[in-house]
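For reference, the chains in residue letters:
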Protein chains: 2
Amino acid sequence: MKLAYSLLLPLAGVSASVINYKRDGDSKAITNTTFSLNRPSVHFTPSHGWMNDPNGLWYDAKEEDWHLYYQYNPAATIWGTPLYWGHAVSKDLTSWTDYGASLGPGSDDAGAFSGSMVIDYNNTSGFFNSSVDPRQRAVAVWTLSKGPSQAQHISYSLDGGYTFQHYSDNAVLDINSSNFRDPKVFWHEGENGEDGRWIMAVAESQVFSVLFYSSPNLKNWTLESNFTHHGWTGTQYECPGLVKVPYDSVADSSSNSSDSKPDSAWVLFVSINPGGPLGGSVTQYFVGDFNGTHFTPIDDQTRFLDMGKDYYALQTFFNTPNEKDVYGIAWASNWQYAQQAPTDPWRSSMSLVRQFTLKDFSTNPNSADVVLNSQPVLNYDALRKNGTTYSITNYTVTSENGKKIKLDNPSGSLEFHLEYVFNGSPDIKSNVFADLSLYFKGNNDDNEYLRLGYETNGGAFFLDRGHTKIPFVKENLFFNHQLAVTNPVSNYTTNVFDVYGVIDKNIIELYFDNGNVVSTNTFFFSTNNVIGEIDIKSPYDKAYTINSFNVTQFNL
Amino acid sequence: MKLAYSLLLPLAGVSASVINYKRDGDSKAITNTTFSLNRPSVHFTPSHGWMNDPNGLWYDAKEEDWHLYYQYNPAATIWGTPLYWGHAVSKDLTSWTDYGASLGPGSDDAGAFSGSMVIDYNNTSGFFNSSVDPRQRAVAVWTLSKGPSQAQHISYSLDGGYTFQHYSDNAVLDINSSNFRDPKVFWHEGENGEDGRWIMAVAESQVFSVLFYSSPNLKNWTLESNFTHHGWTGTQYECPGLVKVPYDSVADSSSNSSDSKPDSAWVLFVSINPGGPLGGSVTQYFVGDFNGTHFTPIDDQTRFLDMGKDYYALQTFFNTPNEKDVYGIAWASNWQYAQQAPTDPWRSSMSLVRQFTLKDFSTNPNSADVVLNSQPVLNYDALRKNGTTYSITNYTVTSENGKKIKLDNPSGSLEFHLEYVFNGSPDIKSNVFADLSLYFKGNNDDNEYLRLGYETNGGAFFLDRGHTKIPFVKENLFFNHQLAVTNPVSNYTTNVFDVYGVIDKNIIELYFDNGNVVSTNTFFFSTNNVIGEIDIKSPYDKAYTINSFNVTQFNL
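This one's a predicted model, so the numbers in the text were calculated from it and none came from an experiment. (Residues numbered from 1 in each chain as written. Chains lettered and ligands numbered in written order. Predicted model: local features only at pLDDT ≥ 70, side-chain atom pairs only at ≥ 80, totals over all residues. Heavy atoms only, no water.)

## Details of the relation of the copies chain A and chain B
Applied cut-off: All copies are superposed by least squares; the fitting set is the C-alpha atoms of residues with a pLDDT of at least 70 in both. Contacts were defined at the residue level, with two residues in contact if any of their heavy atoms lie within 4.5 Å.
Of the transformation placing chain A onto chain B, the axial shift is 0.0 Å and the rotation is 180°, giving an RMSD of 0.0 Å. Overall, the copies show the geometry of a two-fold rotation axis. Nearest to the rotation axis, the C-alpha of Asp300 of chain A is located 2.8 Å from it, this being the minimum over chain A. Taken as a fraction of all interface residues of chain A, those also at the interface in chain B reach 100%, which identifies the copy contact as same-surface.

## Re the interface of chain A and chain B
Filter applied, for reference: Joining two parts hides part of their accessible area as seen by a 1.4 Å probe, and the buried area is that hidden amount summed over both. In protein, a polar contact means a hydrogen-donor-capable atom and an acceptor-capable atom, both N or O and within 3.5 Å, with residues adjacent in sequence counting only if both atoms are side-chain atoms; elsewhere, any N or O pair within 3.5 Å suffices. Strands here are runs of E lasting at least two residues and helices are runs of H or I lasting at least four, both read from the DSSP assignment and numbered beginning at the N terminus. Gly falls in the polar group here, along with every residue not listed as nonpolar (Ala, Val, Leu, Ile, Met, Phe, Trp, Tyr, Cys, Pro) or charged (Asp, Glu, Lys, Arg). Here, strands pair whenever DSSP counts at least two bridges between them.
Across the contact, 57 residues belong to chain A and 57 residues belong to chain B. Interface area for chain A against chain B, summed over the two sides, is near 4900 Å², with a carbon-plus-sulfur share of 54%. Taken together, the connections running from chain A to chain B amount to 24 residue pairs in polar contact (both at pLDDT 80 or more). Secondary structure elements with two or more residues in the side of chain A that touches chain B: strand S15 (230–231), strand S20 (300–301), strand S31 (449–455), strand S32 (460–467) and strand S33 (482–485) of chain A. No other element matches the 4 residues that S32 of chain A contributes to the side of chain A that touches chain B. When grouped by side-chain class, the residues that make up the side of chain A that touches chain B number 18 nonpolar, 31 polar and 8 charged. In this sheet, strand S20 (residues 300–301) of chain B lies alongside S15 of chain A in parallel orientation, the contact comprising 2 bridges. Across the sheet, the residue bridging to His230 of chain A is Asp300 of chain B, located in S20 of chain B.

## Some words on the pairing of strand S16 (residues 237–246) of chain A
All names here are of chain A. Cut-off, in case you're wondering: Burial classes follow relative accessibility: with a 1.4 Å probe on protein chains only, a residue under 20% of its type's maximum area counts as buried, one over 50% as exposed, and anything between as partly exposed.
Within S16, 9 of the 10 residues are buried, which leaves it mostly tucked inside the rest of the structure. Alignment of S16 against strand S17 (residues 264–272), held across 8 bridges, turns out to be antiparallel. Bridging from a neighbouring strand, Val243 pairs with Val267 of S17.

## Focus on unusual backbone geometry
All names here are of chain A. The omega torsion of the bond from Asn170 to Ala171 falls at -5°, within 30 degrees of zero and hence cis. With respect to the helices and strands, Ala171 occurs in the loop between strand S9 (165–166) and strand S10 (173–177). In this model, Asp344 is joined to Pro345 through a cis peptide bond whose omega is 5°. Locating Pro345 in the fold gives a position in the loop between strand S23 (326–331) and strand S24 (346–347).

## What about the nonpolar core?
Convention followed: We define the nonpolar core as a collection of buried residues of types Ala, Val, Leu, Ile, Met, Phe, Trp, Tyr and Cys that are connected through side-chain atoms lying within 4.5 Å of one another.
Formed by 168 residues in total, the largest nonpolar core has its most connected members in Phe212, Phe416 and Phe549 of chain A together with Phe212, Phe416 and Phe549 of chain B. Other than its neighbours up to four places away in sequence, Phe416 of chain B contacts Leu438, Phe440, Leu452, Val499, Tyr500, Gly501, Ile503, Leu510, Phe549, Asn550 and Val551 of chain B.

## Details of the sheet that holds strand S28 (residues 403–406) of chain A
Residues and elements named next belong to chain A. Here is the rule: Axis lines are fitted to C-alpha atoms, over the contacting stretch for helices. Their N-to-C directions set the angle, which ranges from 0 to 180 degrees.
Read from one edge of the open sheet, 6 strands run S28-S37-S30-S31-S32-S33, paired in antiparallel fashion. With partners counted over all chains shown, the strands left at the sheet margins are S28 and S33, one partner each. Each strand axis lies, on average, 15° off the axis of its neighbour in the sheet, ignoring direction. Summarising the sheet, S32 and S33 pair through 4 bridges and their orientation is antiparallel. Of the residues in S33, the one forming a bridge with Asp464 is Gln482.

## Observations concerning the pattern of salt bridges
The condition is simple: Take a side-chain nitrogen of Lys or Arg and a carboxyl oxygen of Asp or Glu: if they are within 4 Å of each other, that pair is a salt bridge.
Taken as a whole, this structure holds 36 salt bridges over all chains when the rule is applied. Between Asp248 of chain B and Lys359 of chain B there is a salt bridge whose closest N-O contact spans 3.4 Å. Taken together, the residues span a long stretch of sequence, with Asp248 of chain B in the loop between strand S16 (237–246) and strand S17 (264–272) and Lys359 of chain B in strand S25 (residues 353–361) at a distance of 111 residues. Residue class for Lys359 of chain B comes out partly exposed when judged on its relative accessible area of 23%. Here Lys469 of chain B makes a salt bridge to Asp445 of chain B, at a shortest N to O gap of 2.4 Å. Taken together, the residues Lys469 of chain B in the loop between strand S32 (460–467) and helix H2 (471–475) and Asp445 of chain B in the loop between strand S30 (435–442) and strand S31 (449–455) connect sequence positions 24 residues apart. For Lys469 of chain B, a relative accessible area of 46% corresponds to the partly exposed category. In this structure Asp445 of chain B comes out as buried when scored by relative accessible area, which is 16%. Residues participating in the shared-partner salt-bridge network are Lys404, Lys406, Lys441, Glu533 and Asp535 of chain A.

Here you go:
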């Protein structure tokens, strides 16, 4: 289930203390329940101020550093100009050092809007000389939003991504539009002896277009194609991104040799806000082919990357240690309420880093489809080494007695993995609510709890994040309490279901069916009230048997 | 906004008493709050037993009767076999006479699953002789589900749709599938001198296919095409339907004459269950062209017909008085909780009848798109004649004083139309919840209320149906309390918004932007507690001005 991060990179020198901040902002004392000061530990948050989309994700192969930039207003905990790219660096995608404001817009009434980073190994831009290691020739491609204009700019770094020079001849791409933004650029190798070139996917947001441009040098861009009016459109498109994703092939040498599945396919991400079906923000993806100029999807299906309410503006890393691996980060909030979320002196966190692969997927016994599978990437070796594990195995839940797990010295950050089988029961008619529920309760006040369950008549998982004393949760009507997770596939012959989750102070990431269906949602308990107990209950005798339930508390 | 039904048909002899039942089931006395016995008045419900999809909708041009059939289990308030087509008839699409079980499956372990009705004017089937008026030559095309088999059967009526004879040589279409159902048939006129023929859209559910078949006689069917893997797929496709829908052209002779918009387009409806993004059931549609064999959508967008949780299995009427008009009915529930809804001795209601047209639609200031517009069809002349109207005009809401409307002799059934402008306010920063809310409160207990609002920072409407003492609402976690309505378009230059609604005991239908965006949701108050008061509130002074708010209580 979980990606053993340590298989990919040596972790020498990485301490298990997680997220290093300039902590000055934290001294502000807010103790009432208006706020929830339970800052996530393994999800990145800025030390203070406002954060939204992840930007410019890249891996520095020389320093073996991961770089994350982010939409950042250091001056307030709401969005506003001047808007910067903030910057954070990690060795292990778990512990981050935050460097605060980085690339800026150049004037107080403007924003350095979202964009991406490329490594210009071959100095196609001419910005670099031999003093800059080819692995660190970072060029940011981003949107300057100023007044009614949105145009694409480039900036380059001579110090490995810490400071930037704006290109003197910006903008490099301006179509006189007020809604033209979020360039994501990658290098596309030439085929049939042609030269390689840069490809940009960029949104013309309010006409529902992903425009593809090409460039030899990051400065001169030529329109190649327009992927328009596909999938879920909502009110506008944002944050497109195109990447080649490997199929996660089953290592089964006896498999049917006539199965000539390709070893990869192209995936186009497009975020929608406002106008997601749950309200606000949502990220979708298309699976298809890219021929160097045009993206062609394999079908006209609409697929969402995450079924929760808090997973937006997904971007993938430029470069990973193993070139084929695709890693990405999303913003773990929703524009419908992000600026009202009860945290201080920061607002918003990023999702965990996830690794994406394509997998065979059957949402019903007769279908054969493909899905983008998500796996969390964390420094599990370190997190588990200091953690404490609790286990339940082979336990048939009775209506009178559930199971309780009480966590020692609750840290608020944990992982769990539940595998269970639905046995059925003669008592369970179609007019009852026959759930198996996990109640994740606060350690100081167990009236604050998160409830995650599966119910057999509804045939789905649900999450209830409404049981809390934090006023925001009741006052903001867009902060849906009950969330259903659709397509909860099981093994159809055995009725076995599984869900893996990471809970980190005020965010829960759920990976169903080994990551084929994912749901990410924030929740807010009172300050210092973190998950301290997990109760398992079902109202019907012997309807569910827990094959295994493992909880590991991260002690950081 | 509302369709003046009386413009279409004379209403002679129609009384305003609504829904005539064999009331035997109602004598069952259940007075505790486990149930909500507030039976809808202008939404069809069966007298007793279980109901799901609408079936066989047709208009009898001889008798001027509208026929509604429905999936029906008279023996219980949950789904079960033998499953019948129930039957109800109306003169005005508002008042229905329920005839109970009609067409049946022929054995106790089987179901007469969903299907449609055609009028075989020209006796292509050979089932009729001159004793049956051509306008009443009703043939039902439906799915017999028995054991692992689902196949298409036909049955015909010699008495105008009240009783049926099964065709002796059924099934007429069997592909040895366990998930092949819900045939919707229409007559397609031949082009270029070709003969007309019957066209069936039918779902091969678990492979996400809408199959199109043709037939000269309703008995022999030829596969023409397969529309597969489009839009939102969820877990399976159900209840497809193809119909030609007129564009609602603006009567503006000065309009640009180069605008060569066609006067109609084809719309394909497909319902999804389970696996809708809100959980459970949802109805989508595609706009395109049909050439007699193949349906081709104009784009690859996913469009939902209704953004609420309770609008499923939409079917359109075969035949309407004005041939071009397209009328339809959906099931106003959701499979995630329909069998647990707190009503007795019936479960589920149908939606109002809606008229559909295609309209120009701009979800943002830069887009130009098409939308399927929905208008409720009711006998407004009768309902308003006995009703009482309350009005507020040109009122700027202050934070200290809202407005209250108290309804005399609450009937639980009403319509309202709100038009307001968002004025903005210097106090409204992005970190506040600045709503305009309507609280629809119970007359006996105002702790039970429905809250409908618009909030400017979230940029959307919301509905909260969680404030009630009915245990079901708290116990069934799929019955989402907070529902967001996306794409709430306004006039972009004036910031004027509008919403029209019909509330009918335990169901609220919302028509935003003159019906371009629709949301239908059930809600449940305690027995005899019906909407008796409407409060209008906003926490910010002068943020919103109500141009007009009209409420008409239907006294039936």
